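# Secondary and tertiary structure notes
In case you want the letters, here they are:
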Amino acid sequence: VLLVDDHPLFREGIKSSLSNRPDFNVIGEACDGQDAILKAAILKPDVILLDVSLPKLNGLEAAKILRKDHPEIEILILTMHNQYEYVERFLALGVKGYMVKDAPPDEIRMAIHKVFEKQIYVDSRIPLPSLEDQKLAAEKLEIQNRLSTLSERETEILNLIAKLARNKEIAAHLGISVRTVEKHRTQIMRKLKIDNVAGLTRCVLATQSENQDTVPST
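Given the structure is predicted, the values throughout are model-derived calculations rather than measurements.

Scanning all chains against the criterion turns up 1 aromatic pair. Taking 6.1 Å as the distance between ring centres and 50° as the angle between the ring planes, the aromatic pair formed by phenylalanine 90 and tyrosine 98 counts as tilted. Like phenylalanine 90, the residue tyrosine 98 is buried in the burial classification. Lying over the aromatic face of tyrosine 86, arginine 89 brings its terminal NZ or CZ to 5.9 Å of the ring centre. Between lysine 101 and the ring centre of phenylalanine 10, over which it is positioned, the NZ or CZ distance is 4.4 Å.

With respect to the helices and strands, the residue asparagine 58 is situated in the loop between strand E3 (47-50) and helix H3 (59-69). Taking the relative accessible area as the measure of exposure, asparagine 58 reaches 14% and is therefore buried. In terms of polar contacts, asparagine 58 uses its side chain to reach the backbone amide nitrogen of glutamate 61, at 2.9 Å.

Most often, soluble globular proteins keep nonpolar side chains buried together rather than apart. One finds Val4, Ile48, Leu50, Ile75, Ile77, Phe90 and Tyr98 to be the most contacted residues of the largest nonpolar core, which totals 25 residues. Where this core is concerned, the elements lending two or more residues are strand E1 (2-4), helix H2 (33-43), E3, H3, strand E4 (74-79), helix H4 (84-92) and strand E5 (97-100). For this core, the element with the highest residue contribution is H3, accounting for 4 residues. Every residue in contact with tyrosine 98, bar those within four places of it in the chain, is listed here: Val52, Leu76, Ile77, Thr79, His81, Tyr86, Val87, Phe90, Tyr121, Val122, Asp123 and Ile126.

Remark: the empty space left among the atoms is shown by a probe the size of a water molecule rolled over them. The tally for this structure, following the rule as stated, stands at 1 cavity of 30 Å³ or more. As a volume, the largest cavity reaches approximately 50 Å³. Taken together, Leu3, Val4, Asp5, Phe10, Arg11, Ile14, Leu49, Leu50 and Leu78 form the lining of the largest cavity. Contributions of two or more residues to the lining of the largest cavity are made by E1, helix H1 (8-19) and E3. Among the elements that take part in the lining of the largest cavity, H1 stands out by supplying 3 residues, more than any other. Of the residues contributing to the lining of the largest cavity, the split by class is 7 nonpolar, no polar and 2 charged.

Turning to the side chain of histidine 70, a few remarks are in order. Assignment of secondary structure puts histidine 70 in the loop between H3 and E4. Those residues in contact with histidine 70 that lie beyond four places of it in its chain are Ala40, Ala41, Lys44 and Ile65.

Criteria and thresholds
Residues numbered from 1 in each chain as written. Predicted model: local features only at pLDDT ≥ 70, side-chain atom pairs only at ≥ 80, totals over all residues. Heavy atoms only, no water. Phe/Tyr/Trp six-rings, centres within 6.5 Å; stacked < 30°, edge-to-face > 60°. Buried < 20%, exposed > 50% of the residue type's maximum accessible area, 1.4 Å probe, protein only. Lys NZ or Arg CZ within 6 Å of the ring centre and 35° of its normal. Helix = DSSP H or I, 4+ residues; strand = E, 2+ residues; numbered from the N terminus. Polar contact = N/O pair within 3.5 Å; in protein donor to acceptor, adjacent residues only side chain to side chain. Core = buried A, V, L, I, M, F, W, Y, C linked by side-chain atoms within 4.5 Å. Contact = heavy atoms within 4.5 Å. 1 Å grid on protein atoms, 1.4 Å probe; cavity = no way out; pocket = protein on both sides within 12 Å on 5 of 7 lines; lining within 4 Å. Points joined across faces, edges and corners; volume = space filled by probe spheres on them. Nonpolar A, V, L, I, M, F, W, Y, C, P; charged D, E, K, R; others polar.

What follows is the structure, encoded as structure tokens:
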């Protein structure tokens, strides 16, 4: 296990809770997101206990990089944030576990085992969203998945379409032919399964909302 938290006393407490058990081996500690990425590459842990609010690089950004560079390493989020929206964002990255810091030590140890075994484990005390919120979250995730299939050029054209730019204006702005814009537009609508500009605009607003999401660093 690699411990990642910017509070030395908390790391020491978790380390003490794990080190006196034969089924755990704490192989390293990191105090910020950048340090976590460096230590993970060197130490190759099975599981990383990762805080959300970290200096230099927050837990969400660190998790994105870790999942991309080291998909074999499982991550258990251990944080004070108990909002379900955080859980959704980390699970969407492929993170297996999410626990609140004041959880009983036995439950944290169990969560580590579950995550190590490739099972999803979420703190049962985190309040679940309403059915309507769950539906909206699922729709947003579906939009994000479709947007991820667009090329860089298609994404650029989509943003211009959402600003109500006409094909001729887009072509002049990008230095391409109107026919090329029309082909891209058709391809975008096919990939997003949308047949009108209003739907395209909603997609753009969804991705802009996602990009504006932040995680506190302190």
